[in-house]
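Residue strings, one per chain:
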Amino acid sequence: MADEPVAVIGIGQTKHAAARRDVSLAGLVREAAGRALADARLDWPDVDAVVIGKAPDFFEGVMMPELYLAEALGAVGKPMMRVHTAGSVGGSTALVAADLVAARVHRTVLTVAFEKQSESNAMWGLSLPIPFQQPLLAGAGGFFAPHVRAYLRRSGAPEDVGALVAYKDRRNALKNPYAHLHEDDLTLERVLASPMLWDPIRYSETCPSSDGACAMVLTDAVGARRAPHPPAWVHGRAMRSEPTMFAGKDYVSPRAGRDCAAEVYRQAGITDPRREIDVAELYVPFSWYEPMWLENLGFAAEGEGWRLTESRATALDGDLPVNPSGGVLSTNPIGASGMLRFAEAALQVRGLAGEHQVDGARRALGHAYGGGSQFFAMWLVGSERPDS
Amino acid sequence: MTEVAVVAFAQSAHVRDSAESSEVEMVLPVLHDALGQVGLTTARIDFTCSGSSDYLAGRAFSFTMALDGVGAWPPIAESHVEMDGAWALYEAWVKLRTGRAETALVYAWGKSSPGRLRDVLTRQLDPYCLAPLWPDSVSLAALQAQALIDAGATDEKRLAAIAARNRTAARANPHAQLTDDRTDTDYVVRPLRRHDCPPISDGAAAVVLAAGDTARRLCARPAWIRGIDHRIEAHALGLRDLTTSPSTRLAAERAGSFTAPVQLAELHAPFTAQEVVLRDALRLTDDVTVNPSGGALAANPVMAAGLIRIGEAAARIHTGAADRALAHATSGPCLQQNLVAVLEGADHG
């Protein structure tokens, strides 16, 4: 017997901000979950199980917070699981929830991912001293900048492509009422004039640190028929991991990312992603990762990703819009960032993305990665049921 | 629907302090033991899932280093739960049920030695109202034990007998940390004495799961997962009756454990009084062998102890010592979250 088809029938997210001092951790996740249930026109008793994800517990200083959040998410008396796969966790969490439906273990699953980074200090959380290992190189930017530099050298990309991405994503965020950064007066010149943090990454090419949560309701074919709004159907989904560091690792285009995309495309019957996928929400925490991932995911040949960006094909009105939501560059509650990518892909194919809707989006890719570019989670969603 | 079985189980020796070895060094031999039992390699495993907690290691993303022990090259399909490895096994079981994988490697580890476990576990509590008071894990377990004594469900003498029975059984378990059955020990937090409490342990465990005919090919007598379910209760202790475990009862019902008697049960009860609660919730009669391994009172590597219960139950089915066994894992203070699996040796796939 084949997998049960999986549908996304409810999506909710919080208003993201540098500090949500108006809500507790419980209040934050409940805000997103309540909106997802309202979208699906379901109530808490309709949920069979809860799958929750976030990045390190040190970010809020709460060990295994799913225990404390059981009541807030209506999980008392239900199965509740907690996923943690570093920055890819929001994507992985949604995939675990999708498996529960696909395996017919549960009919309707609530999945939630969050981060309330203002409760702690992310730089501190990532920089605890580890015996016998190299200290983290001044946060994530210090780790990723050399790999961006390697990409520039390898591809011959002009040095301003990163700024184009940042400017585009921050402009897209102005159309997304939930986005953290709304920089109305940002210009390309201002991005280029912003301070250099980790050469070649400038301040305006880095993600913010956000409080926020994202939630989705996933259900089976019967549940999808009852949904009040169009569902997004999951056509392909996969996770791949490779070791943190070893001599053979390609940090510019990790094999785990390529393998993960290939598996998702195989399941979805995609042979030419550039033509067959209408919109992509990619995990781009530093601007240069847009051209890098475009190559890693097969949208452009090796060394050619920057040309897609430079030609403005990835703009909201281009022929391959990337990050219509404003992306991680505009909103980054780390544990939720992957799920926000998955949710935006689903919103697009449901036709419910509001001002940042891509006209006629029928197939969309949601992408997340984490660790030292070693954990990948992706799904491809479509407006049509996959077996129809 | 695809039938799934435990086909291999391995664990480390559990020790009070493993400062001389890293997490990778602790996990790697256990992984290779489990894979070796069924003649598999990392590259031939379809799905890998692990369970652990960053707070034990005292650093973020601690699981990324442990993954190096798997040897994830070429890249693998892999996931991680920030929970006991029993829930990693549950995630892998779901994956096999989708039909998208035939085999899964599940592993878990916990090094409690780098920190003070009683302090570390307070960080699991409601961060606004409860955690700032630093109520430690032994004190919360003592509240539960006192509630049971007040309800007439047990007394200190019967709790001592539970400790002695578990630790005597542990003498037959080469991986156990504690086999001392003395029960004249001092109070830690009344009414709990030293013998009512688990040892503080470092350790790791690994399980291989396989589906249908693959399981039959890999293992002479697979331990079929007849049912598995888990449920969570409210976190606020004031909302719970600590003398009962409705989540365990419900998980057991959903796992099918009441449809036929089990011969043995491996219970994840770090404190003696918790065995009383679990026996009642699971309706275990006196003829059921409970914790032939010695249970968590003999070795309690946090985040691996629940997975070990499933592994110990499965191992007894592999050898033919049992035909139908129950395994239980818990998470959170005072048995807040509970998982029940029913394993059978008879081939019903």
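Keep in mind it's a predicted model, so treat the numbers as computed, not measured.

Some words on the overall build of chain B
Part 1 of the argument: Looking only at helices and strands, chain B features 11 helices and 12 strands.
Part 2 of the argument: Here chain B has a C-alpha radius of gyration of 19 Å; the compact-globule value for 349 residues is 20 Å, and the two agree.
Part 3 of the argument: Projected onto its principal axes, the C-alpha positions of chain B cover 55 × 45 × 35 Å.
Part 4 of the argument: Across the 349 residues of chain B, 66% fall into the buried class.
Part 5 of the argument: A separation threshold of at least 6 residues defines the contact pool for chain B, and within that pool the share at least 24 residues apart is 78%.
Part 6 of the argument: Total accessible area on chain B stands at roughly 11,700 Å², and carbon and sulfur atoms take up 51% of it.
Part 7 of the argument: Distance between charge centres in chain B, computed from 32 positive and 40 negative side chains, equals 2 Å.

Details of the UniProt feature "domain: Thiolase C-terminal" (unreviewed entry) in chain A
Part 1 of the argument: Under the UniProt annotation, the feature "domain: Thiolase C-terminal" (unreviewed entry) is placed at residues 247–372 of chain A.
Part 2 of the argument: From the first C-alpha to the last, residues 247–372 of chain A spans 14 Å; its make-up is 42% helix and 9% strand.

Things to note about the pattern of salt bridges
Two side chains that carry opposite charge are able to pair once their charged atoms sit near each other.
All names here are of chain A.
Part 1 of the argument: Under the counting rule described, the total for this entry stands at 50 salt bridges over all chains.
Part 2 of the argument: We note a salt bridge from arginine 170 to glutamate 183, for which the minimum N-O separation is 3.3 Å. Highlighted residues: arginine 170 in helix α5 (residues 161–173) and glutamate 183 in the loop between α5 and α6 (188–193), separated in sequence by 13 residues.
Part 3 of the argument: Residue classification places glutamate 183 among the partly exposed positions, given a relative accessible area of 24%.

Quick look at helix α9 (residues 246–254) of chain B
Residues and elements named next belong to chain B.
Part 1 of the argument: Looking at α9, one finds that the buried residues are Ser247, Thr248, Ala251 and Ala252. Along α9, the residues classed as buried sweep out an arc of 130° about the axis, all on the same side.
Part 2 of the argument: The secondary structure elements touched by the buried residues of α9 are β8 (223–232), α10 (272–281), β11 (324–331) and β12 (337–344).
Part 3 of the argument: Two residues or fewer after α9 comes glycine 256, characterised by a positive phi angle close to 80°.

Notes on the side chain of histidine 268 of chain B
Residue and element names in this part refer to chain B.
Part 1 of the argument: Along the chain, histidine 268 falls in the loop between β9 (264–266) and α10.
Part 2 of the argument: A relative accessible area of 6% means that histidine 268 is categorised as buried.
Part 3 of the argument: A polar contact of 3.0 Å, which involves the side chain of histidine 268, links it to the backbone nitrogen of threonine 330.
Part 4 of the argument: For histidine 268, the contacting residues outside a window of four places in its chain are Asp84, Leu278, Ala296, Asn300, Ala305, Gly306, Arg309, His328, Ala329, Thr330 and Leu335.

A look at the interface of chain B and chain A
Part 1 of the argument: In this complex, chain B contributes 57 residues to the contact, which on the side of chain A involves 56 residues.
Part 2 of the argument: Taking both partners together, chain B and chain A bury about 5,000 Å²; carbon and sulfur atoms supply 64% of that area.
Part 3 of the argument: One can count two salt bridges joining chain B with chain A.
Part 4 of the argument: Its salt-bridge partner being aspartate 3 of chain A, residue arginine 100 of chain B comes within 2.7 Å of it at the nearest N-O pair.
Part 5 of the argument: In this assembly, chain B and chain A are joined by 20 residue pairs in polar contact (both at pLDDT 80 or more).
Part 6 of the argument: Considering every element that reaches the side of chain B that touches chain A, the biggest residue donor is helix α4 (residues 85–97) of chain B, with seven residues.
Part 7 of the argument: Each residue belonging to the side of chain B that touches chain A can be placed in one class, and the counts come to 31 nonpolar, 13 polar and 13 charged.

Focus on the domain arrangement of chain B
All names here are of chain B.
Part 1 of the argument: Domain annotation of chain B identifies domain 1 (4–115 + 199–218) and domain 2 (117–197 + 223–344).
Part 2 of the argument: Between the C-alpha centres of domain 1 and domain 2 the distance comes to 22 Å.
Part 3 of the argument: Counting from both sides, the interface comprises 44 residues of domain 1 and, opposite them, 42 residues of domain 2.
Part 4 of the argument: Where domain 1 abuts domain 2, roughly 3,300 Å² becomes buried across the two surfaces, and 71% of that area is made up of carbon and sulfur atoms.
Part 5 of the argument: For the pair domain 1 and domain 2, the number of links is 14 residue pairs in polar contact (both at pLDDT 80 or more).
Part 6 of the argument: Going through the elements one at a time, β1 (4–11), α2 (54–57), α4, β4 (103–111), β7 (202–211) and α8 (212–218) are the ones with two or more residues in the side of domain 1 that touches domain 2.
Part 7 of the argument: With seven residues, the top contributor of residues to the side of domain 1 that touches domain 2 is β1.

Here we look at the packing of aromatic side chains
Part 1 of the argument: Evaluated as defined, the whole model comprises 21 aromatic pairs over all chains.
Part 2 of the argument: Judged by centre distance (4.4 Å) and plane angle (15°), the rings of phenylalanine 58 of chain A and tyrosine 55 of chain B are stacked. With phenylalanine 58 of chain A in the loop between β2 (49–53) and β3 (80–83) and tyrosine 55 of chain B in helix α2, the pair connects residues from two separate chains.
Part 3 of the argument: Judged by relative accessible area, tyrosine 55 of chain B falls into the buried class, the value being 13%.
Part 4 of the argument: Relative to tyrosine 369 of chain A, the ring of tryptophan 293 of chain A has its centre 4.7 Å away and its plane inclined at 70°; by these criteria the two rings are edge-to-face. Taken together, the residues span a long stretch of sequence, with tryptophan 293 of chain A in helix α10 (residues 289–296) and tyrosine 369 of chain A in strand β10 (residues 363–370) at a distance of 76 residues.

Details of the packing of helix α2 (residues 89–102) of chain A against helix α13 (residues 334–350) of chain A
Residues and elements named next belong to chain A.
Part 1 of the argument: Remark: α2 packs on α13, axes separated minimally by 5 Å, with the N-to-C direction vectors making an angle of 60°. In this view, α2 runs oblique relative to α13, as classed from their interaxial angle. Contacts from Val89, Gly90, Gly91, Thr93, Ala94 and Leu95 of α2 reach α13 at Gly335, Gly338, Met339 and Phe342.
Part 2 of the argument: A breakdown of the residues in the contact of α2 with α13 according to their chemical character gives five nonpolar, five polar and no charged.

Some points on the packing of α4 of chain B against helix α11 (residues 305–318) of chain B
Residues and elements named next belong to chain B.
Part 1 of the argument: Direction vectors running N to C along α4 and α11 enclose 60°, while the axes themselves pass 5 Å from each other. With respect to their mutual orientation, α4 and α11 come out oblique. In contact with Gly85, Ala86 and Leu89 of α4, α11 contributes Gly306, Leu307 and Ile310.

Considerations on the nonpolar core
Part 1 of the argument: Counting residues in hydrophobic clusters, the biggest one holds 136 residues, and the most contacted among them are Met216, Tyr265, Phe299, Leu365 and Trp379 of chain A together with Leu209 of chain B.
Part 2 of the argument: With 10 residues, the single largest contributor to this core is α13 of chain A.
Part 3 of the argument: Two domains each provide a minimum of three residues to this core, namely domain 1 (4–115 + 199–218) and domain 2 (117–197 + 223–344) of chain B.
Part 4 of the argument: Residues contacting methionine 216 of chain A, with those up to four places away along its chain left out, are Val8, Gly10, Ile11, Ala36, Ala94, Val109, Leu110, Thr111, Met339, Phe342, Ala343 and Trp379 of chain A.
Part 5 of the argument: Listed in part, the 79 residues of the second largest apolar core include Val29, Phe58 and Phe375 of chain A together with Phe63 of chain B.

Regarding unusual backbone geometry
Part 1 of the argument: A cis amide bond links aspartate 199 of chain A with the next residue in sequence, proline 200 of chain A, at an omega value of 10°.
Part 2 of the argument: Tracing the sequence through the fold places proline 200 of chain A in the loop between β5 (196–198) and β6 (201–202).
Part 3 of the argument: Cis geometry is found at the peptide bond from tryptophan 73 of chain B to proline 74 of chain B, where omega equals 0°.
Part 4 of the argument: Mapping proline 74 of chain B onto the fold places it in the loop between α3 (62–67) and β3 (78–81).
Part 5 of the argument: A positive phi is found at leucine 335 of chain B, a non-glycine position, where the angle reads about 60°.
Part 6 of the argument: Along the polypeptide, leucine 335 of chain B turns up in the loop between β11 and β12.

Remarks on the environment of glycine 227 of chain B
All names here are of chain B.
Part 1 of the argument: By secondary structure assignment, the location of glycine 227 is in strand β8.
Part 2 of the argument: A relative accessible area of 9% means that glycine 227 is categorised as buried.
Part 3 of the argument: Along the backbone, glycine 227 and alanine 141 are 86 residues apart, and their C-alpha atoms lie at a distance of 29 Å.
Part 4 of the argument: Dropping the residues within four chain positions of it, glycine 227 is found in contact with Ala255, Val340, Ala341 and Val342.

Structural notes on the side chain of glutamate 263 of chain A
All names here are of chain A.
Part 1 of the argument: Structurally, the position occupied by glutamate 263 is in helix α8 (residues 255–268).
Part 2 of the argument: Classification of glutamate 263 as buried rests on a relative accessible area of 18%.
Part 3 of the argument: Among the polar contacts listed, one links the side chain of glutamate 263 to the side chain of arginine 266, at a separation of 2.9 Å.
Part 4 of the argument: Look past the residues within four positions of glutamate 263 in its chain and what remains in contact with it is Ala238 and Arg240.

Calculation rules
- Residues numbered from 1 in each chain as written.
- Chains lettered and ligands numbered in written order.
- Predicted model: local features only at pLDDT ≥ 70, side-chain atom pairs only at ≥ 80, totals over all residues.
- Heavy atoms only, no water.
- Helix = DSSP H or I, 4+ residues; strand = E, 2+ residues; numbered from the N terminus.
- Rg over C-alpha atoms; globule rule 2.2 N^0.38 Å.
- Buried < 20%, exposed > 50% of the residue type's maximum accessible area, 1.4 Å probe, protein only.
- Contact = heavy atoms within 4.5 Å.
- Areas by Shrake-Rupley, 256 points an atom, 1.4 Å probe, with all protein chains shown as cover.
- Lys, Arg positive; Asp, Glu negative; His and termini not counted.
- Charge placed at Lys NZ, Arg CZ, Asp CG, Glu CD.
- UniProt positions renumbered as here; feature names shortened; annotations may be inferred.
- Salt bridge = Lys/Arg side-chain N within 4 Å of Asp/Glu carboxyl O.
- Arc of directions from axis to C-beta.
- Polar contact = N/O pair within 3.5 Å; in protein donor to acceptor, adjacent residues only side chain to side chain.
- Buried area = accessible area lost by both parts, 1.4 Å probe.
- Nonpolar A, V, L, I, M, F, W, Y, C, P; charged D, E, K, R; others polar.
- Domains from an automatic or database assignment.
- Phe/Tyr/Trp six-rings, centres within 6.5 Å; stacked < 30°, edge-to-face > 60°.
- Axes fitted to C-alpha atoms, helices over the stretch in contact; angles between N-to-C directions.
- Parallel < 35°, antiparallel > 145°, perpendicular 65-115°, else oblique.
- Core = buried A, V, L, I, M, F, W, Y, C linked by side-chain atoms within 4.5 Å.

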